[in-house]
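# Structural overview
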Amino acid sequence: MKVEKQQAIEIKTDERIYRIHQLKTIQPYFNEVVEKRKTFEIRKFDRDFNVGDILLLSEYDPTIGMLGTGVWREVTHMLSDQPYVPEGYVALSMKEAEIVVPLE
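Below you will find a few notes about this structure.

### Points about the environment of Ile-99
Looking at where Ile-99 falls in the secondary structure, it is placed in the segment after β6 (89-96). With 26 residues separating them in the primary sequence, Ile-99 and Arg-73 have C-alpha atoms 9.6 Å apart. With near-sequence residues (within four places) excluded, Ile-99 lies in contact with Tyr-18, Ile-54 and Trp-72.

### Observations regarding the packing of aromatic side chains
Throughout the structure, instances matching the rule amount to 1 aromatic pair. Just above the ring of Tyr-60 sits the side chain of Lys-24; from NZ or CZ to the centre is 4.7 Å. A cation over a ring is seen here: Lys-38 above Phe-40, with NZ or CZ 5.1 Å from the ring centre.

### Quick notes on the pattern of salt bridges
If you walk through the whole model with that rule in mind, you get 6 salt bridges. Residue Arg-19 is joined to Asp-53 by a salt bridge in which the shortest nitrogen-to-oxygen separation is 3.0 Å. Highlighted residues: Arg-19 in strand β2 (residues 17-25) and Asp-53 in the loop between β3 (40-44) and β4 (54-61), separated in sequence by 34 residues. We note a salt bridge from Glu-41 to Lys-38, for which the minimum N-O separation is 2.5 Å. Here Glu-41 and Lys-38 have matching classes, each one buried. What emerges from the salt-bridge pattern is a single network uniting Arg-19, Asp-48 and Asp-53.

Conventions used here
- Residues numbered from 1 in each chain as written.
- Predicted model: local features only at pLDDT ≥ 70, side-chain atom pairs only at ≥ 80, totals over all residues.
- Heavy atoms only, no water.
- Helix = DSSP H or I, 4+ residues; strand = E, 2+ residues; numbered from the N terminus.
- Contact = heavy atoms within 4.5 Å.
- Phe/Tyr/Trp six-rings, centres within 6.5 Å; stacked < 30°, edge-to-face > 60°.
- Lys NZ or Arg CZ within 6 Å of the ring centre and 35° of its normal.
- Salt bridge = Lys/Arg side-chain N within 4 Å of Asp/Glu carboxyl O.
- Buried < 20%, exposed > 50% of the residue type's maximum accessible area, 1.4 Å probe, protein only.

In structure tokens form, the structure reads like this:
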């Protein structure tokens, strides 16, 4: 049975539309992102990723599930060309996300 992947959530502000993808991230990779040593993600290209999208990387333990912590990153570059990245995968460069959502 094929499972559909979660679609991006869109948040509209006066300045822009944020497309947010929530992605599970296991250790030790989650800590590497938090410490800003890991500035890329290699993922299956099974979502509509685009430069400018926001990634909510959520800490995940396969035996427990979601751990309730996460970090926000913005996609700055994408590479899916072979032979550099395996077919069906994408390399996403990222930086800290600056999200400004007005409170109403």
